Amino acid sequence: MKNNQLVSPEICAQWITEGRTLIVAADGPILNTLPKGNWIGGSIPYFMTEEGGTLNREQVFVTDLTTEIQDFSIKAYGAQELEQMLDDRPENGFSYLLMPAFQEVQANYALQISQNPKLFDVPTLGWVTGIVWGEAAQPLVVNGQNGAVYTDQLLALHAQLAADQYAELSIVNIYEQNEGPQIQFLEDGYQVEDCLIDGEKQNFLSYLQEHQINMEYPLVGDFGGAQLNTSIYQAEEAATAVSFAAPVFQSQTYRFAKTIENRQAAFKAKLPPKNETTLVAYNCVANFMQLGGEENYTQGYHYPFTFGEIAYLVLNQTMVILDIKK
């Protein structure tokens, strides 16, 4: 992959002052120290490097777009302005989005924009920013052009490509639906209490507990032939509701994922070859925690781990790859 690397804040600052166009990922306090320039940044401290996965609060992960795009614009959008974001995307190019976790803007994008047919007109990708897992800090995004820091807005870098190029998104998902019961939810959202299990109404949390469901594995929905994951984010014994890291939809039928004997090997088997057309990639922090990061099991890809992956829709436990082709 081109120009995807973990560097010191000083090197990143030097590249910014040189006028490079960058996507920056780092622990939140570091982002606030970088100079103004042609970049957008999101808080995340987890990365995949040549040596393997790491929690790193001292360095900055940089993706350099300078020589790969023809032009760009950067703009922030509030939770009620997301349809404008769709209209601002370039006709030939892609839009790279960063949005803070646990905010209305994330929910509105996932629940409302995902239903807008215009979404699929232009390659739209990015990730949900996060923090060190378990800490109380606020996920954030930074507009490097003016230094603005947002905890409740989506930030987009709209990138224009040359006329003879096009952007292509792909995902790596090792999870598939098992042969167990069909699960349907009674409303769209990030939190549910009751659902239908093979048509019978039940409390979902009680079902998870009674059947000792391994919640490291996601729910998997069939979205027009594409099997997409929804991670169970929180299911506390004292609660009556279950929270998710991506929304569930009333219109979809879900099943739990099949058990995989060796998830690292499964990832390696599904990865496309890393080549000169690959521009960016990113993976889910759940995979960082569950698949083991002592080695680079994604075969040379370097990237941030995120609190949610965007490949048009908001995804979980998925790796997203962007290629620029002719």
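One can find the structure itself at the top, above this paragraph.
Residues numbered from 1 in each chain as written. Predicted model: local features only at pLDDT ≥ 70, side-chain atom pairs only at ≥ 80, totals over all residues. Heavy atoms only, no water.

(A) Summary view of the nonpolar core. Counting 80 residues, the largest nonpolar core has F94, Y96, Y109, L154, M319 and L322 as the members making the most contacts within it. In contact with L154, not counting residues within four places along its chain, are K75, A76, Y77, L82, M85, L97, L98, M99, V105 and Y109. Core analysis: the second largest hydrophobic core is formed by 17 residues, I197, F204, Y254 and F256 among them. (Core = buried A, V, L, I, M, F, W, Y, C linked by side-chain atoms within 4.5 Å. Buried < 20%, exposed > 50% of the residue type's maximum accessible area, 1.4 Å probe, protein only. Contact = heavy atoms within 4.5 Å.)

(B) The pairing of strand 9 (residues 124–129), seen in detail. Summarising burial for strand 9: six of the six residues are buried, a large majority. Of the pairings in the sheet, the one linking strand 8 (residues 93–100) to strand 9 comprises six bridges and is parallel in character. If you follow L97 over to strand 9, its bridge partner there is G126. In this fold, strand 8 hands off to helix 4 (residues 104–111), which returns the chain to strand 9; that crossover is right-handed. (Helix = DSSP H or I, 4+ residues; strand = E, 2+ residues; numbered from the N terminus. Pairing = 2+ DSSP bridges. Right-handed = clockwise from strand over helix to strand, strands pointing away.)

(C) Region of interest: helix 6 (residues 263–270). When helix 6 is considered as a whole, its buried residues turn out to be R263, Q264, A266 and F267. Buried positions in helix 6, seen along its axis, are confined to an arc of 160 degrees and lie on one side of it. Against the buried residues of helix 6 lie strand 13 (166–172), strand 23 (278–284), helix 7 (285–290) and strand 27 (319–325). The N-terminus of helix 6 is capped by N262, whose side-chain oxygen sits 3.2 Å from the backbone nitrogen of Q264. (Arc of directions from axis to C-beta. Polar contact = N/O pair within 3.5 Å; in protein donor to acceptor, adjacent residues only side chain to side chain.)

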